[in-house]
Amino acid sequence: MAIRTLLVANRGEIALRIQRAARELGIRVVQAHSAADRDSLPVRLADAAVEIGPPPAKKSYLSIPAIVEAALRVGADAVHPGYGFLAENGEFADACEVAGLVFVGPTGDTIRAMGDKVEARRLAAEAGVPTVPGSARRIHELEEAREVLARTGLPVMIKAAAGGGGRGIRIARDAEELARLWPQARAEALAAFGDGGLYLEKRIERARHLEVQVLGDGRQVVHLFERDCSLQRRRQKLWEEAPAVRLDPVVRERLCAAAVRLAERVHYRGAGTVEFLFDEDSGEFYFLEMNTRIQVEHPVSEEITGIDLVKAMLEIAGGAPLPFRQEGVVPRGHAIEVRINAEDPGRDFAPHPGRIASLELPGGPGVRIDTALYPGYEVPPFYDSLLMKLIARGRDRAEALARLERALGELAIGGIPTTAGLHRLLVRTPEVRSWDVHTAWLEPWLESNREKLA
Amino acid sequence: MAKKEILSPLPGTFYRRPAPDQPPYKSEGDPVAVGDVVGLVEVMKSFNEVKSEVEGKLVRFLVENEDAVMAGQPLAELEG
């Protein structure tokens, strides 16, 4: 049954993005918000709004009972979780279902299977998707880790089974370091995730981060090609592109087919992303993890395919089959997204909430802005630092880069420091222009360009 | 005895413990020296230690654990 009233259980730019998709489908939108977000644009633009708790996320956007109760109170028949917060919480998906609400996303079981990184690796291997050499199951004892090391070789990464998103990763360059880091990693995993299970993966040096956008209806799965997110700082993406630069068409086909196989293996429903490490020298790719939600960087895939992913999510959640077939997904041109965060690149990216004193937005051909900012808006200190996504599209990468540089020149955010200046430097950097980068490229570059960032 | 206050250096969410499964940095009645950590303020997912700029005995906290705080807001009251 098609959704009639949707509760948006998120905030900021993604809340607006979801509202826009819902409105185009004729769905009534109710915006859930904390006390800190009363004056936010998503609250102002929604058909109705409902307060779910005090400013700290734990008591509002992360409170399952508060959100479910609010959804029922406002007569919503569906809940969109966005990204972050409860988007990858299987218990939240279950709680929605138990309350008779449609959760816009996969089932709780799918979320849990992919959230357990060891289980996800197992499912990937079962679906014939290449995984990074490492442990086949979760390990607790150092002795077992040593056995795995004999197969993977060095360096090796110690990861938390319940982790993900790059959190809690340690790198051991020799057996002695492994022995030293092991108890730390266990204790930290236990404290952070309530689960001390670990696993090992061989560290692929100088790898690029590629990811495939998939969309499923619980029966069939299609892909919307890949994104390249190799520009990262502390494993947080700052710049994303579609399609991946210099990717051999044969490798692209294998990569996308592998992502579809994994998603089909779990009868995937909704929008998801299968992440891979790509070794450009060998042309090999390895499964990293699957994110069972819409991602921050989804717009670059939308820009090259012309498909509205969030709208497709809502249609599928309403019971419709996939709105298009694989043959209907035709990529055109190139798109680049940069993340404008409320962080000061000159002060080690210290987050900086505060008032947006002035705001001038770029426009013109091929420029898309996803943001919930307005002049005079007070950026609260309680949530993520993402302020805006600036997306530039062109008929090829050169045109996308030129438009990005032009748009960054038009953008002016007054009042608080942002990462816009960093992107103005990056867009003119030769290695970025030639895409001679990998996931560990940006940090040393930031280190050697300190004065320019100040 | 003179009353003193520890102020929040930043806006955000206040925590009295380094991690949920660990004991609080300071309890009421504890002595506090200049530079002692009394809590954390989370600003946009980054955690900042709150160090006391005064010394004395901690009389009481003025905010609850996980409360939203503003920059300059008194967090705890000291005497001595």
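These figures come from a predicted structure and were not determined experimentally. (Residues numbered from 1 in each chain as written. Chains lettered and ligands numbered in written order. Predicted model: local features only at pLDDT ≥ 70, side-chain atom pairs only at ≥ 80, totals over all residues.)

1. Digging into the overall build of chain B
Reasoning step 1: In terms of helices and strands, chain B carries zero helices and eight strands.
Reasoning step 2: Along the chain direction, N to C, the helices and strands of chain B fall in the order β-β-β-β-β-β-β-β.
Reasoning step 3: The C-alpha radius of gyration of chain B comes to 12 Å, within 12% of the 12 Å expected for a compact globule of 80 residues.
Reasoning step 4: Each principal axis of the C-alpha distribution contributes one length, and for chain B these read about 40 × 25 × 20 Å.
Reasoning step 5: Split into buried and exposed, the 80 residues of chain B put 32% on the buried side. (Helix = DSSP H or I, 4+ residues; strand = E, 2+ residues; numbered from the N terminus. Rg over C-alpha atoms; globule rule 2.2 N^0.38 Å. Buried ≥ 20, exposed ≤ 12 C-beta atoms within 10 Å, placed from the backbone.)

2. What about the sheet that holds strand β1 (residues 3-7) of chain B?
Reasoning step 1: If you walk across this open sheet you meet the four strands as β1-β8-β6-β3 (chain B), and the pairing is antiparallel. In this open sheet, the two edge strands, each paired with only one partner strand, are β1 and β3 (31-32) of chain B. (Pairing = 2+ DSSP bridges.)

3. Some remarks on the sheet that holds strand β6 (residues 156-160) of chain A
Residues and elements named next belong to chain A.
Reasoning step 1: Strand order across the open sheet formed by three strands is β7-β6-β8, with antiparallel pairing between neighbours. What marks the edges here is a single partner per strand, and that holds for β7 (170-172) and β8 (198-202). Between one strand and the next, the sheet's axes are offset by a mean angle of 30°, whatever the strand orientation.
Reasoning step 2: On the sheet, helix α7 (residues 142-152) packs against β6 and β8 and is oriented at approximately 15° with respect to β8. (Axes fitted to C-alpha atoms, helices over the stretch in contact; angles between N-to-C directions. Contact = placed C-beta atoms within 7 Å.)

4. Comments concerning the domain arrangement of chain A
Reasoning step 1: Examined at the domain level, chain A breaks down into domain 1 (5-104), domain 2 (133-202) and domain 3 (208-453).
Reasoning step 2: Taking the mean C-alpha position of each, domain 1 of chain A and domain 2 of chain A sit 36 Å from one another. (Domains from an automatic or database assignment.)

5. Describing the nonpolar core
Residues and elements named next belong to chain A.
Reasoning step 1: Counting residues in hydrophobic clusters, the biggest one holds 137 residues, and the most contacted among them are Leu-7, Val-79, Ala-259, Phe-276 and Met-313.
Reasoning step 2: Lining this core are residues from two domains, each supplying at least three of them: domain 1 (5-104) and domain 3 (208-453).
Reasoning step 3: Sequence-distant contacts of Val-79, that is, excluding residues within four places in its chain, are made with Leu-7, Ala-9, Ile-67, Ala-71, Cys-96, Leu-101, Phe-103 and Val-104.
Reasoning step 4: Counting 17 residues, the second largest nonpolar core, distinct from the first, contains Val-118, Ala-145, Trp-182 and Tyr-199. (Core = buried A, V, L, I, M, F, W, Y, C linked by C-beta atoms within 7 Å.)

6. Some points on the interface of chain A and chain B
Reasoning step 1: Between chain A and chain B, the contact holds 13 residues from the first and eleven residues from the second.
Reasoning step 2: A per-class count over the side of chain A that touches chain B returns ten nonpolar, one polar and two charged. (Nonpolar A, V, L, I, M, F, W, Y, C, P; charged D, E, K, R; others polar.)

7. Some details on the pairing of strand β10 (residues 221-233) of chain A
Residue and element names in this part refer to chain A.
Reasoning step 1: Counted residue by residue, β10 has twelve buried out of 13 residues, so it is predominantly covered.
Reasoning step 2: One ladder, built from six bridges, connects strand β9 (residues 208-217) with β10; its direction is antiparallel. The residue of β10 that forms the bridge with Leu-210 is Asp-228.
Reasoning step 3: A loop of three residues connects β9 with β10, the two strands running antiparallel in sequence, and Gly-218 in this loop sits at a positive phi of about 95°.
Reasoning step 4: Note: β10 against strand β11 (residues 236-242), four bridges, orientation antiparallel. Within β11, the residue paired with Asp-228 across the bridge is Glu-241.

8. Let's talk about the packing of helix α1 (residues 12-24) of chain A against helix α11 (residues 309-317) of chain A
Residue and element names in this part refer to chain A.
Reasoning step 1: Relative orientation of the contacting elements α1 and α11 amounts to 60°, with a least axis distance of 9 Å. Here α1 lies oblique to α11, going by the angle between them. For the pair α1 and α11, the crossing hand works out as right-handed. On α11, the residues touching Arg-17, Ile-18, Ala-21, Ala-22 and Glu-24 of α1 are Val-310, Lys-311 and Leu-314.
Reasoning step 2: Here the residues of the contact of α1 with α11 are counted per class, giving five nonpolar, no polar and three charged. (Parallel < 35°, antiparallel > 145°, perpendicular 65-115°, else oblique. Left-handed = near helix turned anticlockwise from the far one by under 90°.)

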